Each structure stands twice: as C-alpha cells, then as structure tokens.
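If you want the building blocks of each chain, they are given just below.
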Amino acid sequence: MSNTDKQLKNVDRRQFIKGTASVVVAGLSTSIFANTANASTLQTDWQAVSRSKNDKKFWQKVQKQFVLDKRTTYMNVGTTGSMPKHVLAEFNDNNKTVAKYPWDMDGKFGSWPYVSDMVNDIALGFGADSHEIILSRNTTDGMCSIINGLHFEEGDVILTTHHEHVAATSPMNVVKQRFGVNIVEVQLPVYTGSETVSEDDYVEAFAAALNENSNVRLIVFSHITYKTGTTLPAKRICALANQYAVPTLVDGAHTVGMFDLDFHDIDCDFYAGSGHKWQCGPGATGILYVRDNATRLDEYWSDCINPLWLINSSLSHAGYLGTQLQMQYIGNDNYPAKQALADSCKMWDEIGRHRIEERILHLGALCKLLLAEALPNAKFFSPNVKGLTSGLTTFNPFGFESGDLLTEFRDRLRNDYGYIIRTTDFRLYKDDTVETHALRISTHLFHDEEDVKGLVNAIQELYEYMS
C-alpha cells in the first residue's frame, strides 16, 4: 500500500470521543468519563419546552443555559458569543479525553464520531447538503480559502463594498498585489437615521457596478455589514450575479446563529460564517458552504482549467474524494471544538432557527426604537426596516463626535452600569478620508426586553451626564 493510500485510509480515523453512550475502553474503568455523563444531563428537551404557550418562560429557560457573568449584561455577541452549558461541559470533557488518550489508531474506543457525522447532523439546519458544508476555523479561514484559491489573472475584477471586514479585504489585497486583480468597491446606500432605504437600493447599486465594469469575476459582500448592522438582500444580489454569470462569496460572520439561513435558497456559490459569534460555539470554529462542489464555478469560469485551487487542504491531490472532504481535512484538527460547534448548532435547530431569528430581530427592533425615543439627536446607522434590520444596532449618541469620546462612553457604560457593548468605525462614503465613529449593540437569544430597556436607560442617563 502506498503512503498516499495509507493517508486516505486513515483520514476519518483521526478523530476524538464524544459522550459515554458510544464509548468502550478496554480494561479501563468507565469512571474516567463521569464528567461527560454529567454534561449530558445538562441538555434540554427543547421540543418539550417549546410546547409551553408562555413565550416569556420559554426564553427564560433559554437564558438559563448560559454561564454569563450575572454582574454584567453582555451585549457584544457580534464579537464573541458564549457557549451553552452543556456544550461547554462536553467540550471540556472531550478535551480531557484527547489529553488522556491522544492517539488511538487501534480502535480501542469503539465508535468514533467522524467530522462527516458532525456535518450530517447540522447541514440541513443551514439548508445545505452534507457534501457542501466544511467546518472551518472562522469566517476569515473560509474567505481566505476561497479568494486565495481562485485562479485569478491580471485584469480580473472583484466587486465588493466599502463596508467589508478584513477577513475579505486582506485576501482581496493579496490577489490584487499578486495577480493584478482590480478591486472595485460598490458604494452602499447610506443610512444615518433619516434617509429612506430599501432592498431595491442595494440591488441597484450592485447592478450599476456590474454594468460599469467589464470582466467581473467575483462578487464579495457581507450578508450583514459588521460596521453598521445593515442586512443586505443576499438572495437578490446572488440572483443578479447569476444573470451575469458571476459567482458570489458571502461573508456571513453575523448571520450564522442569528438568521434562519437556507444556502440553497440564497443560491450563492460560497458562504463563510463564524461559529464563535451568534452561533455560540467555541473560538476558532466556523462554517464554510461550497455550492455543489463548486460546479457552477466551472461553468462561469469555463476559460480556466482549474478555477479553484484547494490551498488549505492536506488532500488537494485527491479529487476523487470530493471537495468537502478535501477542504475539511487539513491534517490534525481541533476535533473537540468542531464537535462543540455541531452541538451548539443542534441546540439552535431544536429551538428552531426561525424562532431564534424572530426573537433577535424583535429585541433589535425594540433597542432601535427605544434609543431613537431616548436620544432624538443621535445618529443611527442601522436601518430599522424589514429586510434590512438585524440584531446589531449601531449609533452615535453625540452625532458625529470622535472616537475618544465614544471610547470613554463605552468604558463608563461598563464600569458604572454593567453593560458591555463595543465601539466601531467606518467610512460612511467610500471616498471618505475620515472615519465615522459609533457604538454597536448586539441583542441575542439570551437577552430579554428588560435587558434592552435597562441598557437604553443607562445610555440615556450617561449621555445626559456627559453632554
């Protein structure tokens, strides 16, 4: 047997143990897995809980699944989420198992949960087939794998926006410098609290850019802009791109775990999302969707023999395995983290992703409404418009004041009132040379109406004191 054949044979064997139900350790006491057994008792039968007609009690039950510090109200999920109790417990137990039995090639543990099993458990929840989902390290990992893997040539054009994260701008800068790709920024419609904006405005902005630029090879955009919290009409933008035979790569860092996503319905070619933000998985986890082994890319880039190089793979040479397994396998991986992400996704599926989306948008809308009433002179950058809103609320209580004042405001809000939010900055218009500064709030499924009201009251009081 060749070294390559041996490597492929052992791909799925390099995994770890989850749970005692499927674990048999020859000659060892099962007491070493006592903590895992305790962890399993933390899980909740969400179908049973959801039968309750008392919505308030249901969400109180959800809140109890998190170990967040009760002395503060954490509202910065857009940066990092918090693992649910049972996910955290099993993550810790699985790490202990790996530490105790680092390498088991003899099958002593019996049934091993392969990464492919994890993907099978969660793919449907994202409206995807199992062979289309890769458990990545984060959004940046997914964005870099696709952008740096595409066979760009000098003169190719990437359409993007002026509100993208460095997860996209960094690899786009690489292909610009490396291959001579032209990066063209679409001016997104501007919202500062008084303008009327609609989905049509965003679609028309991309349509105009497609008509103005020849040789567009890729469109890259954020489903939710992380700076302002504006939701772009991803499905309509992808449909537009398909009319021009241009593939789409969507940055979904803030939608995985917030929205009830259906990748097939969105009809993008690639979708990269975070596991540690709104999905509340561990750090260095993410979701990468590659539509149908990237077959449409072969159609759109028919002039390229190999349009997508699998640059982040230990199996790039083994095309017969399929894109999912090739991109999934990168040598030794953090299997406890991958399993923890899958466990969190399964909890979301059990609660109901549509129900979670409705809850988050309800709290986000309440936050925007109450802030507008409390701070009539503030500047708001998150439209409270159906289809464009999200769980992110970005605003500046002082109008367009500098970042130093907002940094002080953020710190005093935490130190004096116990509310944790973040500052942000962005170019309002793509040709701006000065950044616009703002505060950003994240409302998630472990918050409630009282959290939002308390935050707004604290912000109003602090604003009046600092004005």
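Parameters and conventions
Residues numbered from 1 in each chain as written. Predicted model: local features only at pLDDT ≥ 70, side-chain atom pairs only at ≥ 80, totals over all residues. Heavy atoms only, no water. Pairing = 2+ DSSP bridges. Helix = DSSP H or I, 4+ residues; strand = E, 2+ residues; numbered from the N terminus. Contact = heavy atoms within 4.5 Å. Axes fitted to C-alpha atoms, helices over the stretch in contact; angles between N-to-C directions. Polar contact = N/O pair within 3.5 Å; in protein donor to acceptor, adjacent residues only side chain to side chain. Phe/Tyr/Trp six-rings, centres within 6.5 Å; stacked < 30°, edge-to-face > 60°. Lys NZ or Arg CZ within 6 Å of the ring centre and 35° of its normal. Buried < 20%, exposed > 50% of the residue type's maximum accessible area, 1.4 Å probe, protein only. Parallel < 35°, antiparallel > 145°, perpendicular 65-115°, else oblique. Left-handed = near helix turned anticlockwise from the far one by under 90°. Nonpolar A, V, L, I, M, F, W, Y, C, P; charged D, E, K, R; others polar.

Here we have four strands laid out as an open sheet, ordered S9-S10-S13-S12, and antiparallel in their pairing. At either end of the open sheet lies a strand with only one pairing partner, and these are strand S9 (379-380) and strand S12 (422-426). Packed on one face of the sheet, helix H15 (residues 353-374) meets S9, strand S10 (392-396) and strand S13 (436-442) and runs near 15 degrees to S10.

As a further point, take the sheet that holds strand S2 (residues 133-136). Read across the sheet, seven strands follow the order S2-S8-S7-S6-S5-S3-S4 without closing on themselves; strand pairing throughout is mixed. Each edge of the sheet is formed by a strand with only one pairing partner; in this case those strands are S2 and strand S4 (182-186). Between one strand and the next, the sheet's axes are offset by a mean angle of 20 degrees, whatever the strand orientation. Bridge analysis of S2 against strand S8 (residues 286-290) gives four bridges, and the strand direction is antiparallel. Following the sheet pairing, isoleucine 133 is matched in S8 by tyrosine 289.

Moving on, we come to the side chain of serine 390. Position of serine 390 relative to the elements: it lies in the loop between S9 and S10. Within the structure, serine 390 has its side chain in polar contact with the backbone nitrogen of leucine 392 (distance 3.0 Å). When neighbours within four sequence positions are excluded, serine 390 is seen to be in contact with Ile224, Gly229, Thr231, Met258, Phe259, Leu361, Gly364 and Lys368.

Taken as a whole and assessed by the stated rule, the structure comprises twelve aromatic pairs. Counting every residue linked through ring pairs, the aromatic cluster contains Phe126, Phe263, Tyr271 and Tyr289. It is arginine 353 that lies over the ring of phenylalanine 126; its NZ or CZ is 4.5 Å from the centre. Here arginine 355 stacks its cationic end above the ring of phenylalanine 58, 3.6 Å away from the centre of that ring.

A word on the environment of isoleucine 305. As for its placement among the helices and strands, isoleucine 305 is situated in the loop between helix H12 (295-300) and helix H13 (323-328). Taking the C-alpha atoms as reference points, isoleucine 305 and histidine 151, 154 residues apart in sequence, are found 9.2 Å from one another.

The next subject is the pairing of S8. Burial runs high along S8: five of the five residues are buried. Because side chains alternate across S8, one face comprises the buried residues Gly286, Leu288 and Val290, and the other comprises Ile287 and Tyr289, equally buried. Relative to S8, strand S7 (residues 270-274) is paired through five bridges, and the arrangement is antiparallel. Paired with tyrosine 271 across the bridge in S8 is tyrosine 289.

Glancing now at the packing of H15 against helix H17 (residues 449-466). At a minimum axis distance of 10 Å, the contact between H15 and H17 shows a crossing angle of 25 degrees. As summarised for this structure, H15 and H17 are arranged roughly parallel, according to the angle between their axes. Here H15 runs over H17; the crossing is right-handed. The segment H15 lies against H17, with Arg359, His362, Leu363, Leu366, Cys367, Leu370, Leu371 and Ala374 engaging Glu449, Val452, Lys453, Val456, Ile459 and Gln460. When its residues are assigned to classes, the contact of H15 with H17 shows nine nonpolar, two polar and three charged.

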